[in-house]
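Below are the chains, spelled out letter by letter.
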Amino acid sequence: MCINSSNINQDQHCWTKPAVDRLVIIVLDALRFDFVAPSTFFPEKKPWMDKLPVLQRLAFKQGSSARIFKAIADPPTTSLQRLKGLTTGGLPTFIDVGNSFGAPAIVEDNFIHQLVINGKRVVMMGDDTWVQLFPHHFNKSYPYPSFNVKDLHTVDNGCIDHLFPSLYQEDWDVLIAHFLGVDHAGHIFGVDSVQMIEKLEQYNLLLEKVIKVLESQSGPGGIHENTLLIVMGDHGQTLNGDHGGGSAEEVETSIFAMSFKQPPVSIPPELDTSSCEQDLDGRKMCTSSIQQLDFAVTVSALLGVSFPFGSIGRVNPELYALGASKWNLEDTGAGDCKNQAKLQEWVQNYVNVLCINAWQVKRYIDVYSASSMIGFSSEDLLHISDIYNQAEGNWSNTKNFLLYENEQGHSLLPALRRQIDAYSNFLSNVSELARSKWTEFNLRMMGIGLAIMLMSVFIIFLAIWQSNRPQIAFPLPSGDSRISFDVIFAFFIVAIRACSLFSNSYILEEGKVAIFLLATTGIVKLQCSIMKKKMLPEAVVFLLLVSVLRFTIEIGLSKQAATSLFLNVSSSWMLRFAPDHPLWTYMSESGPILALILLAWLLYRTISSIYCQGIWKYVIMGTISSYILIAVHWGSESSISSVSSLLQGVGRSYIPRMVYTVGLGQLFLMAFGQLFSKEKALDEKWSLIMKTTAMLSAWSSTIIILSGQQGSLIALASVIGGYCILRLDSMEEDAISGTVRKLNFNPLAVTQWNLLAVCLFFATGHWCAFDGLRYGAAFVGFDEFVLVRQAILLTVESFGFSHILPILGLPFLAVCRYSPGQTNHGKSSIFSLLYPMYMMFGLITTTTVIATLMCVTIQRRHLMVWGLFAPKFVFDVVGLILTDLIICLALIFYSGKGEDRR
């Protein structure tokens, strides 16, 4: 049982008195630690450092009751999960990532709920995620839409408009202002950008004004006499402005805390987490560290409200000391009885807070383990209980000793110190155990899921085998040995890629692994072309394309592609042009438009063919018109175009919507034509070519405009890569023409097609983590946030070049191997080729997903499970679902109407 904070002889109480009356929390979203800490703490000074000097000046001012903390978040570092962690004091639930774009109300006990039920008045302004999480908790709220990452100012200006008037009002106890400018500037422009520096400078002026207002009202009888100011981030961000993973840049943020009381000098060294450096003037500067897990219980203790039931954090001594006055054990003279008594009273109060803290955590662990199907193991629970009972037993003995020593006038500080160590040991053990074993894994259900996936692979294999049975009854000619080699080689390529997913290092470098395997297949094809003296240019071009993709994947995996820092470091790669060189600017803006013109010319050549008739011709013409609109759109954003200012309003908003509308109309037109049109029958081969070209062109315009100016270049690369694979595959077809094959398709060509699709995913700047999503693509053409619409756009952009276009373009491989006049049990011969190819593509994808499932199962207790393995699992599963869906729709569309099947 805890003792009263003011007198151990008085009745015992469970909760201590509040240390502060009012709390101002200013959240600067995606606030990196090096935005706040002095540049002397880092090996090299960067342009974005030291842009918040007001915080540094106050934190390092002699006698100031302000301090800078490095706050460590638990991954994944999406904003929703961090806000839940900050308010509940619990570890993140990974499934919450799925709610990041539509946050449901928090049902767990939390800091905001405790404020309300204890009669505290809360005012919120800024990010509307707070209103979604806590819909009925605020006395006043001024929410602003948070998902338009292109808007750097609306949320911030709204906060400023309401923040300063609120500081002069007395109708609140806790004020929360959540700014988003730094987060949005990072997503769009990167950390090393002019826009980021301007935002930080704006925040510096803002914070300077806020502190002046608080100081002016902090005198005796002022409304801010006992107010605590906290300026904090919810997570960090990479140099590319992304967050969601578990890298140091993403999990390290900052907390600046300032009280307006007059503090003593220092805190006990055993509780001090300071890291100190000296500036150029030799002045000592120290920052402390805190786990974000500890934030909820610490501010609850400062405000004197109950701790959140599910919190497993510890009341941080340094942050608590700022609000409840610091103590000094080293400099207080033993003969100074008055100071000694005040010091002893304060330390006793902190012990009482830790006593409540430990009791609340022990209660939660007991309830959780009793109600959970799995919970902690009996050994872990016994270990925790032993530590807690030891601390409580020590406290029972210490209380009697304290009563005796207090009567004798002896110092109580050594005994209180030992008790602080005992409770801190218990709380740290609980948090470490929770981090290592928190999540429940139902191994039985995981085994069932894995068995279902293995069964699906077996079924797909049987489907491929069944589709080729009529052709395997004949003796195999000697020319078929090459096909046998291709089958074995394709198997080993897929197996190597699947096995690589069992290593966290290879998952981090997955794009490089895929491009290496693709290059290996290209070298084999080059050797074959040299031996046969055929298709040598195609083989060389394919390897050159692989080299270019390798370079673009390197840029994407560096997580620095959108920052000028990357270009500064790598300017020698860019033909030794400086990033701001006029020639480089001209090339970077004219190159995508030239690639778009080339793609339009290829489509124009297609509609000039005599085989391009009916609705397919009109669909392709619609795509050409969309390409023209995209070029105008890019021109409106160009820094070299003289018409950019004239087209700015129309080009940036309405043109993307027109492209989306045209693309949607094309899809409806093709669906209508498939169901109702009675067009003139074409040659089966050319009919499939026209359908495939029309379908690819209909999707391409939307995918290109969502991908930005790299879109046309990636589209051109995919066309070149696909053409080379087709030509090299036809070389094998020519070598065995007139013979009967084991398979009516080449598995190696399908494997190359699949690997090319994987490489395009990474070449477009994506990776299998939530900070690898390009959230800005969801707002191309739109400013307001609508969940379904933005989710569709983000999905199309993320999986367009890696799933949608490659799967819909696979019929070109079937056309390449098509021999007129052959049928298979009444089915059209072209469909008998297309069906097993799609099954093979699905088999390769399913095999890699199974490897991911097995890896996640094995590594479920790995340190990087939430930062690496779980995001990889989510991306692969979503990709597999999308692959199966597109394959089904493609087979329905390309198989034609029933009456046309021969």
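None of these values were measured; they are calculated from a predicted model.

> Describe the packing of aromatic side chains, and please don't skip the residues or the numbers.
Applying the stated criterion to the full structure yields 16 aromatic pairs. Centre to centre, the rings of Y660 and F782 are 6.0 Å apart; their planes meet at 15°, and the pair counts as stacked. Of this pair, Y660 sits in helix α23 (residues 644-676) while F782 is found in the loop between α26 (747-763) and α27 (787-808), placing the two residues 122 residues apart along the sequence. Both residues of the pair, Y660 and F782, count as buried. Cluster of aromatic residues (ring-pair linked, three or more members): F761, F762, F799 and F875. The cationic tip of R22 hangs over the ring face of W172; the distance from NZ or CZ to the ring centre is 3.7 Å. Residue placement shows K691 over the ring face of F893; its charged tip is 5.7 Å from the ring centre.

> Residues and numbers for the nonpolar core, please.
By size, the foremost hydrophobic cluster in this structure holds 118 residues, and its most contacted members are I704, L813, Y838 and Y894. Examining the composition of this core, we find that 14 residues originate from one element, helix α29 (residues 829-858), more than from any other. If near-sequence neighbours (up to four positions away) are discounted, I704 is found in contact with L596, L599, Y627, I630, W634, G711, S712, A715 and F801. Counting residues in hydrophobic clusters, the runner-up holds 74 residues, among them L80, I290, Y364 and Y368.

> Go over the packing of α26 against α27, please, and point to the residues and values.
At their nearest, the axes of α26 and α27 sit 8 Å apart, and the two run at 165° to each other. On the basis of the axis angle, α26 is roughly antiparallel to α27. In the crossing of α26 with α27, the sense of the turn from one axis to the other is right-handed. The segment α26 lies against α27, with W753, A757, L760 and F761 engaging S798, F801, S802 and P806.

> Outline the side chain of S39, supporting the account with residue identities and numerical values.
By the secondary structure assignment, S39 is in the loop between α1 (33-36) and α2 (53-59). Judged by its relative accessible area of 13%, S39 falls in the buried class. Engagement of the side chain of S39 in a polar contact is seen with the side chain of D50, the distance being 2.7 Å. Each residue touching S39, except ones within four places of it in the same chain, is listed here: K45, M49 and D50.

> Requested: an account of unusual backbone geometry, with residues and values cited.
Of note in the backbone geometry, D50 takes a positive phi value of approximately 60° without being a glycine. By the element assignment, D50 lies in the loop between α1 and α2. When its relative accessible area of 23% is taken as the criterion, D50 is described as partly exposed. You will see that K533, though not glycine, has its phi angle at about 60°, which is positive.

> Can you tell me about the pattern of salt bridges, naming the residues and giving the values?
On inspection of all chains with the given rule, the structure shows 21 salt bridges. Note that E108 is salt-bridged to K84, the shortest N-O span being 3.5 Å. Of this pair, E108 sits in the loop between α3 (79-88) and α4 (111-117) while K84 sits in helix α3, placing them 24 residues apart in sequence. Judged by its relative accessible area of 37%, E108 is partly exposed.

> How would you summarise the confidence of the model for the protein chain if you had to cite specific residues and measurements?
Counting all residues, the mean pLDDT for the protein chain is 81, and 78% of those residues have values of 70 or more. Low pLDDT, under 50, characterises residues 326-335; the stretch is placed with 32 contacts to residues that sit more than four places away or in other chains. Contacts for the low-pLDDT stretch residues 471-479, under 50 throughout, to residues beyond four places or in other chains number 13 contacts.

> An account of the environment of D366 is requested, with residue identities and associated values reported.
Its place among the elements puts D366 in helix α12 (residues 337-371). Residues D366 and F376, spaced 10 residues apart in sequence, show a C-alpha to C-alpha distance of 9.7 Å.

> Please give an account of the side chain of T692 that cites residues and values.
Here T692 is to be found in helix α24 (residues 684-707). For T692, the contacting residues outside a window of four places in its chain are L808, G809, P811, F812 and Y894.

Definitions and limits used
Along each chain, numbering runs from 1 in the same order as the chain's sequence is written. Since the coordinates come from a predicted model, pLDDT governs what is reported: local features require at least 70, and pairs of side-chain atoms require 80 or more to be given and counted, while whole-chain, interface and lining totals use all residues. Working from all heavy atoms in the structure, the side-chain values ignore hydrogens and water. Each pair of aromatic rings taken from Phe, Tyr and Trp, with Trp reduced to its six-membered ring, is defined by centres within 6.5 Å and is described as stacked if the planes are under 30 degrees apart, edge-to-face if over 60, and tilted in the remaining cases. A run of H or I in DSSP becomes a helix once it reaches four residues, and a run of E becomes a strand once it reaches two; helices and strands are each numbered from the N terminus. When a residue's accessible area, from a 1.4 Å probe over protein chains only, is under 20% of the maximum for its type it is buried; when over 50% it is exposed; and in between it is partly exposed. Each ring is checked for a lysine NZ or an arginine CZ that lies within 6 Å of its centre and within 35 degrees of its normal; such an atom marks a charge sitting over the ring. Definition of nonpolar core: a set of buried residues of the types Ala, Val, Leu, Ile, Met, Phe, Trp, Tyr and Cys, connected through side-chain atoms within 4.5 Å. Contacts are residue-level and defined by heavy atoms, with any inter-residue pair within 4.5 Å sufficient. Comment: axis = line fitted to C-alpha atoms, over the contacting stretch for helices; angle = value between 0 and 180 degrees taken between N-to-C directions. An angle below 35 degrees is treated as roughly parallel, one above 145 as roughly antiparallel, one from 65 to 115 as roughly perpendicular, and anything else as oblique. Handedness of a crossing is defined here by the sense of rotation of the near helix relative to the far one, left-handed for an anticlockwise turn of less than a right angle and right-handed for a clockwise turn. As used in this structure description, the phrase polar contact means that two N or O atoms lie within 3.5 Å; if the pair is within protein, one of them must be able to donate a hydrogen and the other to accept it, and residues adjacent in sequence are counted only when both atoms belong to side chains. Salt-bridge detection follows one rule: a side-chain nitrogen of Lys or Arg within 4 Å of a carboxyl oxygen of Asp or Glu. The predictor attaches a confidence to each residue, called pLDDT, with possible values from 0 through 100.

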